[in-house]
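Each chain is listed here by its residues.
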Amino acid sequence: MLKAGNEMQAKTMNIKTRKTTMAGDSTSLQRSKASEVWLQFRKNKGAVVALILLILIVLVALFSDIIWDYKDDVIKQNISEKLQGPSLAHPFGTDHVGRDMVARVGYGTRYSLSIALASVVIAVIAGGILGAIAGYFGGWIENIIMRLTDIFTMIPSALMAIGIIVIIGIKTSNLVIALGITNIPVFTRITRASVMTVRNCEYIEASRAIGASELYILFVHALPNSMSQIFVQATLAVGNCIIAASSLSFIGVGVPVPTPEWGALLSMGRSYIQSAPYLTLFPGLAIFVTVMLINTVGDGLRDALDPKLKQ
Amino acid sequence: MNSNDKKVLEVKNLTVTYESEGSVVEAVNGINLDLTARKTVGLVGETGAGKTTTALSLLGLVQKPQGHVKNGKIIINGKNILEMTEKELENIRGKEIAMIFQDPMTALNPVMTVGDQIAESIVKHEKVKYEEAFAKASELLETVGIDKARAKEYPHQFSGGMRQRVVIAIALACRPGILIADEPTTALDVTIQAQVLDMMKKLKDEYETSMIMITHDLGVVAEICDEVAVMYAGHILEYGVLEDIFNRTKHPYTEGLFNSIPDINDDKIRLVPIDGGMPDPSNLPKGCVFHPRCPYADEKCKTEKPELKNISETHQVACIAYDRPGFSLGRSNS
């Protein structure tokens, strides 16, 4: 019954896109593109479920300051209720100073997600531009960019992040900058490699033959054709950045206390891992589930974005 | 000849080389070519004869840093494009001279709708709004025989023949005066070839475009060309109007090409292929470039470089064997 309903909906959507296609103005063009991607995306049931759960997590992150009061629920100590196991009042238990772990893990969503997203955005933009220039133009400019990238790749990323934070100071914004910088080389390499394969395609030559300028070709033809690889790497990187931010917080160079970032929560729970395992279990689960959901949605989106898979 | 035979393109002594560490590939060696308004010139020759390099140099698109246009002039509508800046070149590409690429499977951007790809050139050269250009692009699709509602579809949703129609629509988008077609039918099967050729012929007349048709298919040449230049190892060996080349063949190489075509009326005759293969373009033979494969070659051919000489008002051939008294090709005897 439900399935039939879905199919009906899909059909009406299809008809709608056809109609907008006939209209031929640019807004409907974008709408029909988006709905085509959506039609393709929803065929992947796992990805749809992951997307719904991920949206819930993002909603928690967006509204965490409405759901919980930062001063009263998240950082206010209440020693009399310390180290209580999961119960109805405190489903995730309470920590060593009696703070409710639901509030702390929930509020941590906001920190972990925004730190990871912001650092990936920095890395994609910087690495993407560098890689595109290196891959498309080649020559000395490529040499300079790629040798610098090699130097950065040689330093272990965790070590580099720690180094950067120590130099510019322990602050949440600095954590974002450090994670962003450590991720630039990956995106430079990926973008360069895919732009290099695309650069020699005949449609690039064909575009030159109608008088398009090099920069136009790079940004309108070469980059969009490299996007799917960059996109997949970006979703993987969001997951990695959540873990990296957590690791840095775990060793104490991430977010300053008492910010309830997931890694910081793990780090705090570590001392009680035998007497109160729930202190590490729930933040750990939050990291695991979120990273997994992001990767699943990323995979689904990559498939949906690939026009070759469409009928 | 009427009063309208204005020259839209003149190529004078064009020489193009590709240089890489230690070796110099002489791709095009001093060719001359004239294109009269509304006429079609065929460039015929084997793979590696320098046809595509010639075409790319007409657009100023010889791949740098290896490719060098060494010498010569390419005059399009009175302007030498070899002296133009990159910006000026961008302005004439697509507008005054456009190219149809060989392989429709790779000549279209897979992540862009075909309508957008046709509109690209219109937006660039006619300075109109995107919506207007897209509407125009849809009209063009109709012109090449594709339903205009399909302008919003992606290249993979079209068959090979239809994609080639799209490629043609892109090339014709700004009604260029000169159209270069680089083996436009090679990647298509024979029935589709005929359709596409017919359409090109029709559109060429309608748009009053002159065309350079690059091909190794003499059938295509007979179908569509007014004049033919036979190229070999970067040289033009024979040049003339269609009848000159087909019925009054003068160069041994051209004869070899015709002898390699099966005859539909005589299914028992053995094909006579040309002996040997293309010379190494980084080490061309001295004298006539064709002499190692030429059945008529003598000692003189090994040392003396033949010039293109007029043998009639419309017909030129580069072969010194005609200095010998009474020389003629086997084909013209039979």
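Residues numbered from 1 in each chain as written. Chains lettered and ligands numbered in written order. Predicted model: local features only at pLDDT ≥ 70, side-chain atom pairs only at ≥ 80, totals over all residues. Heavy atoms only, no water.

Visitor: If you had to explain the overall build of chain A to someone new, which residues and values would you point to?
Guide: In terms of regular secondary structure, chain A is built from 12 helices and zero strands. For chain A, the sequential pattern of α-helices and β-strands runs α-α-α-α-α-α-α-α-α-α-α-α. Taken over 311 residues, chain A has a buried fraction of 44%. A separation threshold of at least 6 residues defines the contact pool for chain A, and within that pool the share at least 24 residues apart is 70%. (Helix = DSSP H or I, 4+ residues; strand = E, 2+ residues; numbered from the N terminus. Buried < 20%, exposed > 50% of the residue type's maximum accessible area, 1.4 Å probe, protein only. Contact = heavy atoms within 4.5 Å.)

Visitor: So what's going on with the sheet that holds strand β7 (residues 178-182) of chain B? Residues and values would help.
Guide: By definition, the strands of a sheet pair up through backbone hydrogen bonds, in either a parallel or an antiparallel sense. All names here are of chain B. Ordered by their spatial adjacency, eight strands build an open sheet running β6-β7-β8-β3-β9-β10-β12-β11, and the pairing between neighbours is mixed. Edge positions in the sheet fall to β6 (97-100) and β11 (309-310), since each of these pairs with one other strand and no more. Here four bridges tie strand β3 (residues 40-44) to strand β9 (residues 227-232), and the two strands are oriented parallel to one another. By the bridge assignment, Val41 is partnered in β9 with Glu227. Contacting β3, β6, β7, β8 (210-215) and β9, helix α1 (residues 51-58) runs over the sheet at an angle of about 150 degrees to β8. (Pairing = 2+ DSSP bridges. Axes fitted to C-alpha atoms, helices over the stretch in contact; angles between N-to-C directions.)

Visitor: Help me get a handle on the environment of Gly115 of chain B, residues and values and all.
Guide: Residues and elements named next belong to chain B. Mapped onto the elements, Gly115 comes out in helix α3 (residues 114-126). Classification of Gly115 by relative accessible area gives buried; the value is 0%. Separated by 34 residues in sequence, Gly115 and Ile81 have C-alpha atoms that sit 30 Å apart. Leave out the neighbours within four places in its chain, and Gly115 touches Phe134, Ala137 and Ala151.

Visitor: I'd like a description of a nonpolar patch on the surface, backed by residues and values.
Guide: Together, Val49, Ile52, Leu53, Ile55, Leu56, Val58, Leu59, Leu62, Phe63, Ile66 and Ile67 of chain A make up an exposed nonpolar region whose accessible area comes to about 1,000 Å². Within the fold, Val58 of chain A resides in helix α3 (residues 45-67). (Patch = residues over 30% accessible without salt bridge, like charges linked within 9 Å, V, L, I, M, F, W, Y side chains within 5 Å. Areas by Shrake-Rupley, 256 points an atom, 1.4 Å probe, with all protein chains shown as cover. Salt bridge = Lys/Arg side-chain N within 4 Å of Asp/Glu carboxyl O.)

Visitor: I'd like to hear about the packing of helix α5 (residues 101-137) of chain A against helix α11 (residues 262-269) of chain A, residue by residue, with values.
Guide: All names here are of chain A. Remark: α5 packs on α11, axes separated minimally by 8 Å, with the N-to-C direction vectors making an angle of 135 degrees. Relative to α11, the element α5 is oriented oblique. Contact with α5, carried on its side by Arg104, Val105, Gly108, Thr109 and Ser112, involves Trp262, Leu265 and Met268 of α11 and no other residues of that element. Taken together, the residues that form the contact of α5 with α11 break down as four nonpolar, three polar and one charged. (Parallel < 35°, antiparallel > 145°, perpendicular 65-115°, else oblique. Nonpolar A, V, L, I, M, F, W, Y, C, P; charged D, E, K, R; others polar.)

Visitor: Explain the pairing of β9 of chain B residue by residue, including any values.
Guide: Residue and element names in this part refer to chain B. Judged by how many residues are buried, β9 sits mostly within the fold: six of six residues are covered. Where β9 meets strand β10 (residues 235-241), six bridges bridge the pair, whose relative direction is antiparallel. Looking at β10, one finds that Val230 is bridged to Glu238. Counting the residues that bridge the hairpin from β9 to β10 gives two residues, and of these Ala233 lies at a positive phi of roughly 50 degrees.

Visitor: Account for the side chain of Ser267 of chain A, with residues named and values stated.
Guide: Tracing the backbone shows Ser267 of chain A in helix α11. Classification of Ser267 of chain A as buried rests on a relative accessible area of 12%.

Visitor: Tell me about helix α9 (residues 202-209) of chain A, and name the residues and values.
Guide: Taking burial as the measure, the eight residues of α9 of chain A include seven buried ones, the bulk of the element. Looking only at α9 of chain A, the buried set comprises Tyr203, Ile204, Glu205, Ala206, Ser207, Arg208 and Ala209 of chain A. Summarising the contacts, the buried residues of α9 of chain A are in contact with α5, α8 (172-199) and α10 (214-250) of chain A together with α1, β6 and α3 of chain B. Of the residues trailing α9 of chain A, Gly211 of chain A is marked for its positive phi of about 95 degrees.

Visitor: Before we move on, can you summarise the nonpolar core with the specific residues and values?
Guide: Ranked by size, the top nonpolar core spans 104 residues in total, and within it Leu9, Ile118 and Met200 of chain B carry the most contacts. Per-element tally for this core: the top contributor is helix α5 (residues 160-172) of chain B, with seven residues. Residues Met101, Ile217, Phe282 and Val291 of chain A belong to the second largest nonpolar core, which totals 46 residues. (Core = buried A, V, L, I, M, F, W, Y, C linked by side-chain atoms within 4.5 Å.)

Visitor: So, α5 of chain B: which residues are in play, and what are the values?
Guide: All names here are of chain B. Helix length check: α5 (13 residues) gives 18 Å between terminal C-alpha atoms against 18 Å at 1.5 Å per residue, within 8%. The buried count for α5 comes to 12 of 13 residues, which makes it a mostly enclosed element. Burial in α5 covers these residues: Gly160, Gly161, Arg163, Gln164, Arg165, Val166, Val167, Ile168, Ala169, Ile170, Ala171 and Leu172. As for α5, its buried residues are in contact with β6, α3, α4 (130-143), β7 and α6 (190-207). (Expected span 1.5 Å × (residues − 1).)

Visitor: I'd like a description of the environment of Asp266 of chain B, backed by residues and values.
Guide: With respect to the helices and strands, the residue Asp266 of chain B is situated in the loop between α9 (252-259) and α10 (299-303). Placed 46 residues apart in sequence, Asp266 of chain B and Val220 of chain B show a C-alpha to C-alpha distance of 21 Å.

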